[in-house]
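Okay, here's what each chain looks like letter by letter:
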Amino acid sequence: MTVTRFAPSPTGYMHIGNLRTALYAYLVAKHDNGTFILRIEDTDRERFVEGATDIIKDTLRITGLRYDEGPDVGGEHGPYVQSERKAIYMEYAKRLVDLGAAYYCFCSKERLEKLHEEDAVGGYDRHCRNLSPGQVQKNLDAGLPFVIRQKAPLTGVTTYTDSVFGEISMNNEELQDQILIKADGYPTYNFCHVIDDYLMGVTHVVRGSEYLTSTPKYVLLYDAFGWERPTYVHLPLMMGKNEDGTVSKLSKRHGAVSFQDLLSDGYLPEAILNYIALLGWCPKDSTREFFTLDELKEVFTIDGVSKSPAVFDYDKLLWFNGEYIHALSDERFLAYADTFMKEAYPETLNKDKMLALLKTRIAKLSELDDRAAFFRELPAYDKELFLNKKNKITEYDTVRTVLTQARPILSELTAFDNDTLFAALSPLGEALGMKLGAIMWCLRIAVSGLSATPGGATEIMEVIGREQTLARIDHALSLL
Ligand code: GLU
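### Notes on helix α14 (residues 368-376)
Point 1. If you check which residues of α14 are buried, you get L368, A372, F374, F375 and R376.
Point 2. Packing partners of the buried residues in α14 comprise α12 (330-340), α13 (351-359), α18 (436-448) and α19 (457-479).

Structure below.
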C-alpha cells in the first residue's frame, strides 16, 4: 500500500512550489488508491508563524487535496503535529545512542561559537563523540545541558537511489555529526521527519530537490535502526523567468508565488492545480494538457516526473485560467463573480446577461470589474470614436441619422432582448442604404462609449435596458 505525506512547515504563506509538492505527493498515493497524510512540521519554533497551519489546511481544502490522515481528521498514527510528538523523538534518539549511531554532546555554546570562528566551514569537531559511557552518565546526572548528534560514519560512501534523479552518493567523510535533538529538547527536521515517516508507514517520500543531497544522512538513520528505506521522489526545482531571459528560483520578483495571492488575483484553484501539475511532470505518450484532479490520479506516474528544472510561465497560467473560466458553469461563474465585483449595479441592469457576455472574454476574475465598468456607467468619450473607415463612417451626419432613426424604434419595443432588438433594427440598413454592420457600429459606440466591447450593440442594450439605452443615445446625439 502506497503511503505519502505532505509535511509543510508552518512558516507563512503557501508557496506554489509547496503546493506542487502536495499535489504530487497526493497523486503518487492516489494513483495507487493509497493514503495521503498531512503532517505539520513545526519543531523549528523560531520560524513558526501563527495562522500558517490554517493557510495550509485551507489550501488543501480549496484545491481538493483531501488528506486521509492529519490534524483535524485524525488517524491511527497521530498526533500529526510534530510539536506534539516531542517525547517520541527523544525516545528514538536515545535508542539510536544505544545502537551506537548517535551520541550525547555537552559542548557549551561558547565552545561551539569559538570553533565556528576558527573554522566556519569545518563544522563540529566531534569533541564528544568518544566520551566514555561513564562520563556521559555523570554529565547527565549533573544535569548538564546536551544535544544528541548523529554519529556519521567517517569513511566509505553512502548511496541511495532517487526515483527521479537516480543514484545519489555521498562520501561519508563529508558528513557532519548533525544535531538530532536540540538543547531545548526539540528534534531537528533532519531527525524527526525520518522518525515520523517510519512510524507513519510512509512508503514514498515526495519533496523538493533541496533535500536531495541531505538524504544520505537520512538513509543512514534508517539503516542504523534497521528499518527499510522509503522510496525517494525528489521534485525538480521550480524556476521563474527573469527579465533578461535567464531563470532563477521562483520568487516574488517573478510574480505572485503564493496560492492565496493567485486566488485574489483571479485565478481558479483548478486552473492553478492543472497548470502546476505540468511543472515537472508530463503524461506518457501524449501532449494532453487539461486534466481534472480525478484524471490526474489516473494518469500520474512517477516515471513521468522530470529532473530538469521547471519554469513557471505566468502567460501560460493565464491562458489556462481563461480556458477554465470559459468552461465554468454559469452558476459557478456567478458565484465567483460576486466576490470579484464589488460595486453596486443599477437595478435595471441585467446582471446575468452581462456576466454571460464577460465570461468568455476574460482570462482572470480580477479583470471582471474593469471590463464591466461601462455597463454600470457610460464612460466619457470623444465623438471621434464614431468615425470608422472600415464601416465607411466618415461624417458625424451619418451617425446622427442612424441614432435618430433608431431611437423611436427602440423606444416603442415591448420586449428588449437581443433577438427582438436585432430583428427590429435590421430593416434600418436597407432603409438608410447602409450595411447593417455600420448601423450597429454607431449604436454600439453610443451605448458603450468604447471601441472594443464584450458583445455587440444589441447584446449591450439588452444588458443595460431600455431606459439606459435611450439615455445613452440621447447623450451621443448631444455630443454630435
Ligand atoms: N518541512 C519540510 C519543508 O517544508 C518538509 C520536507 C519533507 O517533505 O521532508 O520543506
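### Focus: the sheet that holds strand β4 (residues 147-150)
Point 1. Pairing within the open sheet is antiparallel, and its three strands lie in the order β3-β4-β7. Here the strands that pair on one side only, and so sit at the sheet edges, are β3 (102-105) and β7 (179-181). Each strand of the sheet is rotated relative to its neighbour by a mean of 40 degrees, with strand direction disregarded.
Point 2. In the sheet, β4 pairs with β7 via two bridges, with the strands oriented antiparallel. Note on β7: the bridge partner recorded for R149 is I179.

### Some words on the site of the ligand
Point 1. Surrounding the ligand, one finds R5, A7, P8, S9, E41, Y189, R207 and Y211.
Point 2. Interatomic distance of 2.8 Å between a backbone N/O atom of A7 and a nitrogen atom of the ligand.
Point 3. The side chain of Y211 places a nitrogen or oxygen atom 2.6 Å from an oxygen atom of the ligand.
Point 4. Burial of the ligand by the protein amounts to 87% of the accessible area it has alone, namely 300 Å².
Point 5. Most atoms of the ligand, that is more than half of them, are within 2 Å of grid points of the largest pocket.
Point 6. Broken down by class, the residue content of the shell around the ligand amounts to four nonpolar, one polar and three charged.

### As for the layout of surface pockets
Over the atoms, a rolling probe the size of a water molecule traces out where space has been left empty.
Point 1. The calculated volume of the largest pocket comes to roughly 970 Å³.
Point 2. As for the largest pocket, its lining consists of 37 residues, of which S9, N18, R47, E210 and Y211 are closest to the centre.
Point 3. Elements with a contribution of two residues or more to the lining of the largest pocket: β1 (3-6), α1 (16-31) and β8 (204-208).
Point 4. In terms of residue count, the dominant contributor to the lining of the largest pocket is α1 (four residues).
Point 5. Residue classes in the lining of the largest pocket are distributed as 15 nonpolar, 13 polar and nine charged.
Point 6. Put simply, the second largest pocket is a space of about 290 Å³.
Point 7. Forming the walls of the second largest pocket are C105, F106, C107, S108, K109, L112, P145, F146, V147, R149, I179 and A183.
Point 8. When contributions to the lining of the second largest pocket are tallied by element, the ones reaching two or more residues are α4 (109-118) and β4.
Point 9. Class assignment for the residues of the lining of the second largest pocket results in nine nonpolar, one polar and two charged.

### Some thoughts on the nonpolar core
Point 1. Counting residues in hydrophobic clusters, the biggest one holds 138 residues, and the most contacted among them are F191 and F375.
Point 2. Looking at which element gives the most residues to this core, the answer is α1, with 10 residues.
Point 3. With near-sequence residues (within four places) excluded, F375 lies in contact with L349, M354, L357, L358, P454, I460, V463, I464 and R472.

### Quick word on the sheet that holds strand β10 (residues 238-241)
Point 1. The strand order across the open sheet formed by three strands is β11-β10-β12, and the pairing between neighbours is mixed. Because the sheet does not close on itself, it has two edges, and the strands there are β11 (247-249) and β12 (310-312). Averaged over all pairs of adjacent strands, the angle between their axes in this sheet comes to 45 degrees, without regard to strand direction.
Point 2. Sheet topology places β10 next to β12; three bridges connect them, and they run parallel. Along β12, the bridge assignment pairs M238 with A310.

Cut-offs used in this document
- Numbers given for residues are sequential positions, taken from 1 along each chain in its written order.
- Local features are withheld for residues below a pLDDT of 70 in this predicted model, meaning they are given only at 70 or higher, and side-chain atom pairs are given and counted only at 80 or more; totals for whole chains, interfaces and linings count all residues.
- Only hydrogens and water are set aside when side-chain values are computed; all heavy atoms of the structure are taken into account.
- Whether a residue is buried, partly exposed or exposed follows from its accessible area with a 1.4 Å probe, protein chains only, as a fraction of its type maximum: under 20%, in between, or over 50%, in that order.
- Numbering of helices and strands runs from the N terminus; a helix is a DSSP stretch of H or I covering at least four residues, while a strand is a stretch of E covering at least two.
- Two residues form a contact once any of their heavy atoms are found within 4.5 Å.
- At least two DSSP bridges between two strands are required for those strands to pair.
- Throughout, an axis means a line fitted to C-alpha atoms (over the contacting stretch in the case of helices), and angles, computed between N-to-C directions, take values from 0 to 180 degrees.
- The criterion for a residue being near a molecule or strand is simple. One of its heavy atoms has to lie within 4 Å of it.
- Think of a polar contact as two N or O atoms within 3.5 Å of one another; within protein, one of them needs to be a possible hydrogen donor and the other a possible acceptor, and neighboring residues in sequence only count if both atoms come from side chains.
- In short, Shrake-Rupley with a 1.4 Å probe defines the accessible areas, and a residue's cover is counted only from the protein chains shown.
- A 1.4 Å probe that fits into a set of points on a 1 Å grid over the protein atoms alone but cannot get out defines a cavity; an open set with protein on both sides within 12 Å along at least five of seven lines defines a pocket, and lining residues are those with an atom within 4 Å of a point.
- Any molecule with more than half of its atoms within 2 Å of a cavity's or pocket's grid points is regarded as sitting in that cavity or pocket.
- We call Asp, Glu, Lys and Arg charged. Ala, Val, Leu, Ile, Met, Phe, Trp, Tyr, Cys and Pro are nonpolar, and the rest, Gly among them, are polar.
- Grid points are joined across faces, edges and corners, and a volume is the space filled by probe spheres set on the points.
- By nonpolar core is meant a set of buried Ala, Val, Leu, Ile, Met, Phe, Trp, Tyr and Cys residues that side-chain atoms within 4.5 Å join together.

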